[in-house]
Amino acid sequence: MCGIVCYVGPRDIKSVLIEGLKQLEYRGYDSAGIAVQNGNRIACYRAVGKIVELEKKIAGIEIIGESGIAHTRWATHGAPTEENAHPHRDGKENVYVIHNGIIENYHSLRRRLQQEGVHFRSETDTEVLAHLIALHYDGSLSEAVRKTMGQVEGTFGIAVIHRNEPGRIVVARRGSPLIIGLSDGSHFAASDVSAMVRYTNQVIHLQDNELAVLTKDDVSISTVQAVSVKRVVETVEWRGEDVELNGFPHFMLKEIYEQPNTIENAMRGRLEPAEGVPKLGGIMPVWDRLKDCRHLVIVACGTSFYAGCVGRYVFEKLTEIDVQVELASEFRYRKLNFPPNTFILALSQSGETADTLAAIKEAKRKGASLLGIVNVVGSSIARETDAGVYNHAGPEIGVASTKIFTSQLTILTLLALLLGRHQNLSLTDGIEAIRALQRIPEQINAIFAQANHIEAIAENYYRCSNWLFLGRKYNYPIAMEGALKLKEISYIHAEGYPAGEMKHGPIALVNPEMPTVAIVPQDDMYEKMISNIQEVKSRRGPVIAVATQGDAKIRELVDEVIEIPPTLSFLNPILTVIPCQLLAYYCAKFLNRDIDQPRNLAKSVTVE
Ligand code: F6R
């Protein structure tokens, strides 16, 4: 959840590190710090709060050096204080280390070090690394890091500098991402390419149990057993402007508006309209087994989980496959009993979510085949799965996921369509589905044309402290997602419910102060939804309906209507979620919330 950025080279180190940290701030933002080495002097600055606090602290201070490490923290061990902020150092201030992940045996290591007289300054698990590396140091930082890696358990991505080794950074990983960036006469390392994409698109993904020594002219990679490794340099498709606001006030709004493009990208080169069948090159390695799949288990967390819940209905509509959707954080603790030819499908924007990663590893141990739908190329989940499909949606920087959700829905539909067409789904149904998918981007633009109307609705209701979201079938997960979006960025309490369940409890909450957002497109659930809306109205609850264009009946019944263009019922969620995203965004805006970095949250959840 923390973010790491390192640089060695001739550029202005202060600005490279601070700008890099700002790109990583979405990963965690309770404190930050940098350590810059100039000859055998290391200057270290840390501050509690967001990167801007660190920036203020070092404003006006000349920081020069040819190598440096920087970190943004999301607290796990110890409160967000300056002493707990990274970089951490040993007693003699020779070694400075930053760390992403959790050292699981830090208690016993700390106790042992304390018995040997080591004094600890912080409450963090990370500090043991600084002391261990210092104790092992015998003229080679990489050897000291290697020995330390042999002693620690848990997950880490680390970067280390030593006073005696100017111009050199040692990075290492086990379980937490670390990417090395190559540019002329300089090298970067970061937990995410967005921190360096302004300078380079040439990267190497460090693998687990590897360490790399970076100097401005060279990168050498080896395993923890000191076996030298050659890794291919990959070109990333993300561009500098992808990590800029480009005139939008927030990344979340920018990413909401990117959806027509990101959906196009999810489909680009993947449709054969005349055959009514998609092509998904990434799953071809397992196609022989996948085409006979009869049991699919989708595992994911948060918004990705809700995408999976929509996926289940779509698979049920288009295929003969029996689908189960599981929260990754629960799944791995269940008794797993897979019928033959079960596929596990992991959905993850970051590809690093610890719960999802652990769930698929457990499923693999039980013999299941693994697929992934992942946005971040080369991420841990992408590497752990046997095959998969990338979103190609560019970086998602707003902490609240938006564009990846609709991209996931698009790819899930393509996958279901592909499998369905090899089962019972007819050519006509396939062609109709592809045509409808192709219209989705322009239909989303039609929803954007109502942005002012949605903003006005938000202005009317943002003071209400409790909201209910209702939907059925395909749109039940949209009710859940709508409620999640609202609560995470506006801090308004919201519940997403399958509308049929309302009478079994939540109806007790309905009153004139609690708005209900009813997701009610004209599909086979329409009449049932109308009855539920009537139940809310008869208890004087205000209702905001997300309904199909031209639905006159709904207008008479509810207080506000946001229209979506007509599409096939199983594609409605890609459209109905857009007004929910915008409603959440505008409520948060009226409440003056920190929309891109809501309190307590982090984008990439790498702890279980
Ligand atoms: C909510 C949100 C989270 C993520 C969840 C899974 O807006 O962003 O609920 O969806 O943490 O993350 P990924 O998809 O990276 O596995």
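Scroll up to find the structure.
Residues numbered from 1 in each chain as written. Predicted model: local features only at pLDDT ≥ 70, side-chain atom pairs only at ≥ 80, totals over all residues. Heavy atoms only, no water.

Draft legend 1. How the structure looks around the overall build of the protein chain. Counting its secondary structure elements, the protein chain contains 19 helices and 27 strands. Its C-alpha atoms give the protein chain a radius of gyration of 25 Å, near enough to 25 Å, the size a compact globule of 608 residues would have. Taking the principal axes of the C-alpha coordinates as reference, the protein chain spans close to 75 × 55 × 45 Å. The buried share of the protein chain, taken over its 608 residues, is 63%. Across the protein chain, every contact between residues at least 6 apart in sequence was considered, and the portion connecting residues at least 24 apart equals 72%. (Helix = DSSP H or I, 4+ residues; strand = E, 2+ residues; numbered from the N terminus. Rg over C-alpha atoms; globule rule 2.2 N^0.38 Å. Buried < 20%, exposed > 50% of the residue type's maximum accessible area, 1.4 Å probe, protein only. Contact = heavy atoms within 4.5 Å.)

Draft legend 2. Quick peek at the packing of aromatic side chains. For the coordinates displayed, the defined rule picks out 11 aromatic pairs. For the pair Phe248 and Tyr257, a centre-to-centre distance of 5.9 Å together with 35° between the ring planes defines the contact as tilted. For Phe248, a relative accessible area of 27% gives the class partly exposed. Taking the ring centre of Tyr491 as reference, the NZ or CZ of Arg599 above it sits at 3.8 Å. (Phe/Tyr/Trp six-rings, centres within 6.5 Å; stacked < 30°, edge-to-face > 60°. Lys NZ or Arg CZ within 6 Å of the ring centre and 35° of its normal.)

Draft legend 3. Structural view of the site of the ligand. Near the ligand lie 15 residues; those nearest to it are Ser304, Ser348, Ser350, Thr353 and Glu488. Note that an oxygen atom of the ligand is positioned 2.7 Å from one of the backbone N or O atoms of Gln349. Within the side chain of Ser350, an N or O atom sits 2.7 Å from an oxygen atom of the ligand. Here the ligand, which alone exposes 400 Å², has 89% of that area covered by the protein. The set of elements that each furnish at least two residues to the shell around the ligand consists of helix 9 (302-318) and helix 16 (476-490). (Near = heavy atom within 4 Å. Polar contact = N/O pair within 3.5 Å; in protein donor to acceptor, adjacent residues only side chain to side chain. Areas by Shrake-Rupley, 256 points an atom, 1.4 Å probe, with all protein chains shown as cover.)

Draft legend 4. Here's a closer look at the state of the cysteines. Counted under the stated rule, the structure contains zero disulfides. In this model Cys6 remains outside any disulfide bridge; the closest cysteine sulfur is found in Cys44, 13 Å from its own. Cys301 forms no disulfide, and the closest cysteine sulfur to it belongs to Cys309, at a distance of 12 Å. A relative accessible area of 22% places Cys301 in the partly exposed class. (Disulfide = S-S within 2.5 Å.)

Draft legend 5. Spatial organisation of the packing of helix 4 (residues 127-136) against helix 5 (residues 141-151). The N-to-C vectors of helix 4 and helix 5 enclose an angle of 125°; their axes lie 8 Å apart at closest approach. For the element pair helix 4 / helix 5, the angle class is oblique. Note on packing geometry: the crossing formed by helix 4 with helix 5 is right-handed. Residues Leu129, Leu132, Ile133 and His136 of helix 4 lie in contact with helix 5, whose contacting residues are Leu141, Ala144, Val145, Lys147, Thr148 and Gln151. Among the residues making up the contact of helix 4 with helix 5, the classes are represented as six nonpolar, three polar and one charged. (Axes fitted to C-alpha atoms, helices over the stretch in contact; angles between N-to-C directions. Parallel < 35°, antiparallel > 145°, perpendicular 65-115°, else oblique. Left-handed = near helix turned anticlockwise from the far one by under 90°. Nonpolar A, V, L, I, M, F, W, Y, C, P; charged D, E, K, R; others polar.)

Draft legend 6. Fine view of the nonpolar core. Ranked by size, the top nonpolar core spans 97 residues in total, and within it Ile283, Leu290, Phe315, Leu345, Trp467 and Phe469 carry the most contacts. At 12 residues, helix 19 (residues 572-590) tops the list of elements feeding residues into this core. Listed in part, the 36 residues of the second largest apolar core include Tyr7, Tyr29, Val203 and Val236. (Core = buried A, V, L, I, M, F, W, Y, C linked by side-chain atoms within 4.5 Å.)

Draft legend 7. Here's a closer look at the sheet that holds strand 7 (residues 154-162). An order of 5-6-7-8-12-13-14 is seen for the seven strands of this open sheet, with the pairing classed as antiparallel. Each end of this open sheet is capped by a strand with a single partner; those strands are strand 5 (88-89) and strand 14 (228-229). Note: strand 6 (residues 95-103) against strand 7, nine bridges, orientation antiparallel. The residue bridging Val97 from the neighbouring strand is Val160, located in strand 7. The strands touched by helix 5 are strand 7, strand 8 (169-174), strand 12 (210-214) and strand 13 (219-223); relative to strand 8, the strand with the most contacts, the crossing angle is about 20°. (Pairing = 2+ DSSP bridges.)

Draft legend 8. Local environment of the pattern of salt bridges. Taken as a whole and assessed by the stated rule, the structure comprises 30 salt bridges. With a closest N to O distance of 2.5 Å, Glu362 and Lys366 form a salt bridge. Between Glu481 and Lys485 there is a salt bridge, with the nearest N and O atoms lying 2.6 Å from each other. Highlighted residues: Glu481 and Lys485, both in helix 16, separated by four residues, approximately one helical turn. You can call Lys485 buried: its relative accessible area is 0%. (Salt bridge = Lys/Arg side-chain N within 4 Å of Asp/Glu carboxyl O.)

Draft legend 9. Region of the structure containing the pairing of strand 1 (residues 3-8). Counting buried positions along strand 1 yields six of six residues, so the element is predominantly enclosed. Neither face of strand 1 is exposed, since Gly3, Val5 and Tyr7 on one face and Ile4, Cys6 and Val8 on the opposite face are all buried. By the bridge criterion, six bridges tie strand 1 to strand 4 (residues 67-73) in an arrangement that is antiparallel. Bridge pairing in strand 4 places Val8 opposite Ser67.

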